[in-house]
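Secondary and tertiary structure notes
Residues per chain, in single letters:
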2 protein chains.
Amino acid sequence: MTSQTHSDQTHGAAKRPRSVAEHLAAVTDLLARLVSESRAEVVPLPDALGRALVHGFLAPLSLPPFANSQMDGYAVRSADIPDGGTDLSIMPPVPAGSRPQPLQPGTAAPIMTGAMIPANADAVVPIEKAVPDHFLTHPGGAAVTLPATAPGTFVRAAGSDIAAGEQALAAGTCLGPAQLGLLAAFGMAEVEVYREVSVLLVTTGDEVVEPGVPLPEGKIYDSNGTLLEAAMKQAGLCVRRAGISTDNPGALQSLLRTAGRDVDVIVTTGGVSKGAYEVVRQAMADQPVEFLHVAMQPGGPQGIGTFDGVPFLGFPGNPVSCLVSFEMFLRPALSALLGAPAPRLPLRARLDLKGQARQLTSPGHKHQVRRGSLQPDGTVRLEGGESSHLMHALAASNVLIQIPEGVTELDAGDEVEVWML
Amino acid sequence: MTSQTHSDQTHGAAKRPRSVAEHLAAVTDLLARLVSESRAEVVPLPDALGRALVHGFLAPLSLPPFANSQMDGYAVRSADIPDGGTDLSIMPPVPAGSRPQPLQPGTAAPIMTGAMIPANADAVVPIEKAVPDHFLTHPGGAAVTLPATAPGTFVRAAGSDIAAGEQALAAGTCLGPAQLGLLAAFGMAEVEVYREVSVLLVTTGDEVVEPGVPLPEGKIYDSNGTLLEAAMKQAGLCVRRAGISTDNPGALQSLLRTAGRDVDVIVTTGGVSKGAYEVVRQAMADQPVEFLHVAMQPGGPQGIGTFDGVPFLGFPGNPVSCLVSFEMFLRPALSALLGAPAPRLPLRARLDLKGQARQLTSPGHKHQVRRGSLQPDGTVRLEGGESSHLMHALAASNVLIQIPEGVTELDAGDEVEVWML
């Protein structure tokens, strides 16, 4: 336990708190070094899930690569069939994957879905519309009766999805199943993405103990570590947990020097406020780290800078505060810089306060982030109050509700912006 | 290449196609065996991300476990301070994590956020409202001037988040960051979840080749494998890729017997339709597998049953069809049975057709699933047409648009249900 200190950095009315946007910009600046060619790597497609393209990607071939059938049926020359339909001689079938012979006048070729349309054919009649309405096992020269059909019917033209040379995916696209599937459709087995961002995560506080041991009086279990580690893993970060630091600044410095040597970012929770024992503030005393207030509730007190040259973010100590700090600053900064994780999609929802408060109130000089559950009917219900220790309420939430500066009261039915977690 | 066969299982008007709900129920029935005590396992919290609780969980302790301070400030007996404020003697400080002495009348104890409220104290005055408005390094018996405060102010009562014995999480809750953080806050280091579901994934078709090699004429690259593997991994499944099977049924059977012995589910793509070379149908001829049509577009042809006793699902061969099959059947069946992956949240969005078709049309006798991009203003734009080969359009989408049976036309501004991918 160290002696009490006067934390003067955030005191006094002189210093205007930073806006959320200003602090996000500062965090983005701090991490801008992560955008570097030296961090690009080529990985097999399955390993690229959740990571983002370094370069925009032009289609190396057209999709589909060749005109093919959309149905199981008969490939025909539409001009061969008059309005009332006609009989055509059945040619050898065209399975998918084969190179068919050109279609001769007066004939129809059985063709399977995805198979290449023979030269001269310009339409497919589905098997259901043929007489007989099934493929003959040994057609031998038999005839099939087919109705008239317009040119192009049930033909997927070459390039109808995308033509060779067109931009298929923009630089910074976060690669989910569909984007990876598209790269595979182009024949790519590998893709160039940025290396995963590694984070050293340290919980601080003499009051915090690891789960799994008996709880001494006056202490609480560390939930921040588990909460942030999981949120960071979902966002594609590579997380190293360094356990819990005591409130001894020297011990925290040693821990960071030992465990944080080769990470991209150090994140601590706790010890950044204006209390008497702010271990993170104290441990950073000789480092270019600023401690400040962001006009946000929860998550106001924030630390930002570098520790021994490694980018450092000091989140506040309450669980909801540190999750909100991650969602409002670190996650969007990485999305903006690297494309991954994918940005949260902001949605609009109407506030449902049934059985709750008459109004949602917010301090006008702060951006408030509340937790809520978005319902299928497009309304959002509050989960818990504004206090940042409400872990159980957070666990019942699926969105963060964003209440901008300047808004002090919202009524039931008012529209709010929500971010789906 | 095998001889042509007459695929009669789905022919004829006699057989009514299954509804989406009926097929989902059939898939859920098929996989019901996955809900078994023998599949439960206890894992460390970080390994439980994306998995679901086997049992409901009662709070083993209250959160917070003890009344604690919401602010850095002074713990006081509110009755000690008259309306105009008063001076109180400063006691030794209460850091977070310590067991404080009971508060004596006429005194105030410096207290840090999260620290235990001393016995007899019933409120906290924030440091900003004190005179002086910072903690003294050596208070020695000095006094602090504090304003009147109501009982309970800035005190987080024990159990104000959740009380010991209350249900904290229901059985089947999918464990995300907040739920894991809550378990950690209760002191849990491990949790009982169901084992991951393992899937053998096989793409079929003579026309399909692996990415990374030159593309022969008439062939296409396999995108289904990459697409489904990624979608399944995101859903928490353990995926084994068995590559591409030719259209030889014997070869497919051998592949499934070799690679599928110990998986929970076998999924194939392609070869389930009514063409002449339907390898999956042929390979399943001696197995209790049904091939049928679901009244859904895309993704109508489906296979379902068991192969050598292992649950089997045969998805159609087009990329969009097989993703839709996964999202409409396998994923929700697992969500319903096991709680993980978390179900897709259905949202309402207004259709934006600007620069596109005048109307969205859908076959009235089928449930249509279109791909779209949900915009922050709550509108959804179509990405590509209804055809199931449009991989590039899928890669531009973030939602599936659900158009139920019976709906044939939708205008701009009409509300539709969307599922966020």
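Residues numbered from 1 in each chain as written. Chains lettered and ligands numbered in written order. Predicted model: local features only at pLDDT ≥ 70, side-chain atom pairs only at ≥ 80, totals over all residues.

**Regarding the overall build of chain A**
Helices and strands together make up the secondary structure of chain A, namely 7 helices and 27 strands. In terms of overall dimensions, chain A is more spread out than a globule: its C-alpha atoms have a radius of gyration of 31 Å, far above the 22 Å expected for 421 residues. Oriented by its inertia axes, the alpha-carbon framework of chain A measures out at about 100 × 50 × 45 Å. Out of the 421 residues in chain A, the part that is buried amounts to 52%. Long-range pairs, those at least 24 residues apart, make up 71% of the contacts in chain A with a sequence separation of at least 6. (Helix = DSSP H or I, 4+ residues; strand = E, 2+ residues; numbered from the N terminus. Rg over C-alpha atoms; globule rule 2.2 N^0.38 Å. Buried ≥ 20, exposed ≤ 12 C-beta atoms within 10 Å, placed from the backbone. Contact = placed C-beta atoms within 7 Å.)

**What about the environment of A:Ala184?**
Its location among the elements puts A:Ala184 in helix α2 (residues 177–185). Sequence separation of A:Ala184 and A:Pro211 is 27 residues, and the distance between their C-alpha atoms is 43 Å. In contact with A:Ala184, not counting residues within four places along its chain, are A:Leu45, B:Pro211, B:Tyr221, B:Asp222, B:Ser223 and B:Thr226.

**Side note on the relation of the copies chain B and chain A**
Each of the two chain copies can be brought onto the other by rotation about an axis and movement along it. Note on the identical chains: chain B maps onto chain A by a rotation of 180° and an axial translation of 0.0 Å, with an RMSD of 0.1 Å. Expressed as an axis order, the relation between the two copies is that of a two-fold axis. Looking at the interface residues of chain B, 100% of them are also at the interface in chain A, so both copies use one shared face. (Least-squares fit on C-alpha atoms with pLDDT ≥ 70 in both.)

**Describing the packing of helix α3 (residues 224–234) of chain A against helix α6 (residues 319–338) of chain A**
Residue and element names in this part refer to chain A. Remark: α3 packs on α6, axes separated minimally by 9 Å, with the N-to-C direction vectors making an angle of 20°. What the angle tells us is that α3 and α6 run roughly parallel. Seen from above, α3 lies across α6 with right-handed handedness. The residues of α6 that touch α3, namely those facing Asn 224, Leu 227, Leu 228 and Ala 231, are Pro 319, Cys 322, Leu 323 and Phe 326. For the contact of α3 with α6, a count of residues per class yields 7 nonpolar, 1 polar and no charged. (Axes fitted to C-alpha atoms, helices over the stretch in contact; angles between N-to-C directions. Parallel < 35°, antiparallel > 145°, perpendicular 65-115°, else oblique. Left-handed = near helix turned anticlockwise from the far one by under 90°. Nonpolar A, V, L, I, M, F, W, Y, C, P; charged D, E, K, R; others polar.)

**Some remarks on α2(A)**
Residue and element names in this part refer to chain A. Among the 9 residues in α2, 9 count as buried, and that is most of the element. Along α2, the positions that sit buried rather than exposed are Pro 177, Ala 178, Gln 179, Leu 180, Gly 181, Leu 182, Leu 183, Ala 184 and Ala 185. Note on α2: the residue one or two positions beyond its end, Gly 187, has a positive phi of about 90°.

**Structural notes on the domain arrangement of chain A**
Under the domain assignment, chain A is made up of domain 1 (20–35 + 198–338), domain 2 (39–62 + 163–194), domain 3 (68–156) and domain 4 (346–420). Taking the mean C-alpha position of each, domain 3 of chain A and domain 4 of chain A sit 59 Å from one another. (Domains from an automatic or database assignment.)

**Structural notes on the interface of chain B and chain A**
Each partner contributes residues to the interface: chain B has 95 residues there, and chain A has 95 residues. Those elements giving two or more residues to the side of chain B that touches chain A turn out to be β10 (167–169), α2 (177–185), β14 (220–221), α3 (224–234), α6 (319–338), β21 (346–352) and α7 (391–395) of chain B. Element by element, the count of residues in the side of chain B that touches chain A is highest for α2(B), at 8 residues. Per-class residue counts for the side of chain B that touches chain A are 50 nonpolar, 31 polar and 14 charged.

**Looking at the pairing of strand β12 (residues 198–204) of chain B**
Residues and elements named next belong to chain B. The element β12 is largely enclosed, with a buried count of 6 among its 7 residues. Looking at chain direction, β12 and strand β16 (residues 265–269) are connected through 5 bridges and run parallel. Of the residues in β16, the one forming a bridge with Leu 201 is Val 267. (Pairing = 2+ DSSP bridges.)

**Focus on the sheet that holds strand β6 (residues 107–111) of chain A**
Residue and element names in this part refer to chain A. Taken in spatial order, the 5 strands line up as β7-β4-β6-β5-β8 in an open sheet, and their pairing is mixed. If you trace the sheet from one side to the other, it starts and ends with β7 (123–126) and β8 (143–146), each paired once. Across the sheet, the axes of successive neighbouring strands diverge by a mean angle of 45°, strand direction being ignored. Relative to β6, strand β4 (residues 73–76) is paired through 3 bridges, and the arrangement is antiparallel. Bridging from a neighbouring strand, Tyr 74 pairs with Pro 110 of β6.

**Describing the sheet that holds β16(B)**
Residues and elements named next belong to chain B. As summarised here, the arrangement of the 6 strands in space is β15-β12-β16-β20-β19-β17, forming an open sheet in which the pairing is mixed. A single partner strand is all that each edge strand has here, and the edge strands are β15 (238–245) and β17 (289–293). Each strand axis lies, on average, 15° off the axis of its neighbour in the sheet, ignoring direction. The sheet strands contacting helix α1 (residues 20–30) are β19 (301–307) and β20 (310–315), and the helix crosses β19 at an angle near 15°. Sitting on the sheet, α3 touches β12, β15 and β16, and the angle it makes with β12 is about 165°.

**Some points on the nonpolar core**
Ranked by size, the top nonpolar core spans 259 residues in total, and within it A:Tyr74, A:Ala75, B:Tyr74 and B:Ala75 carry the most contacts. With residues up to four places along the chain from it excluded, the contact list for B:Ala75 reads B:Ser69, B:Val94, B:Leu103, B:Ala108, B:Ala109, B:Ile111, B:Ile117, B:Pro118, B:Ala121 and B:Val124. (Core = buried A, V, L, I, M, F, W, Y, C linked by C-beta atoms within 7 Å.)

**Things to note about the confidence of the model for chain A**
Residues and elements named next belong to chain A. Averaged over every residue, the pLDDT of chain A is 93; the share at 70 or more is 97%. Below a pLDDT of 50 lies the segment residues 1–13, which in the model reaches 29 contacts outside its immediate sequence neighbourhood of four places, other chains included. Both scores are available for the predicted complex, with the pTM at 0.93 and the ipTM at 0.93. (pLDDT = per-residue confidence, 0-100.)

**Brief notes about unusual backbone geometry**
Peptide bonds are, in most cases, trans, and in most cases residues other than glycine have a negative phi. All names here are of chain B. Pro 64 follows Leu 63 through a cis peptide bond whose omega is -10°. In this fold, Pro 64 is placed in the loop between β2 (57–58) and β3 (68–69). In this structure, the amide linkage connecting Val 131 to the following residue, Pro 132, adopts the cis form with an omega of 0°. Within the fold, Pro 132 resides in the loop between β7 (123–126) and β8 (143–146). Positive phi is not limited to glycine here, since Asp 308 has a value of about 50°. Its place among the elements puts Asp 308 in the loop between β19 and β20.

**Digging into α6(A)**
Residues and elements named next belong to chain A. In this model, α6 (20 residues) spans 26 Å end to end at C-alpha, consistent with the 28 Å of a helix rising 1.5 Å per residue. The largest bend in α6 amounts to roughly 35° and is located at Phe 326. Among the 20 residues in α6, 16 count as buried, and that is most of the element. Looking one or two residues past α6, Gly 339 carries a phi angle of roughly 85°, positive in sign. (Expected span 1.5 Å × (residues − 1). Bend = angle between axes of the 7 residues up to and from the residue.)

**Here's the deal with the packing of α1(B) against α6(B)**
In a packed pair of helices, the relevant descriptors are the angle between the two axes and the axis-to-axis distance. All names here are of chain B. Running from amino to carboxyl end, α1 crosses α6 at an angle of 55°, the nearest separation of the two axes being 9 Å. Accordingly, the angle class assigned to the pair α1 and α6 is oblique. Here α1 runs over α6; the crossing is right-handed. Along the contact surface, α1 presents Val 20, His 23, Leu 24, Val 27 and Thr 28, while α6 presents Met 328, Phe 329, Leu 330, Pro 332, Ala 333, Ala 336 and Leu 337.

**Describing the environment of A:Arg348**
Mapped onto the elements, A:Arg348 comes out in strand β21 (residues 346–352). A:Arg348 sits in the partly exposed class, given 13 other C-beta atoms within 10 Å. Along the sequence, A:Arg348 and A:Ile401 sit 53 residues apart, while their C-alpha atoms lie 9.6 Å from each other. A:Arg348 has contacts with A:Glu415, A:Glu417 and B:Gly378, leaving out every residue within four places of it along the chain.

**Let's talk about the environment of B:Ala25**
Tracing the backbone shows B:Ala25 in helix α1. Each C-alpha atom of the pair B:Ala25 and B:Ala40 lies 23 Å from the other, and the pair is 15 residues apart in sequence.

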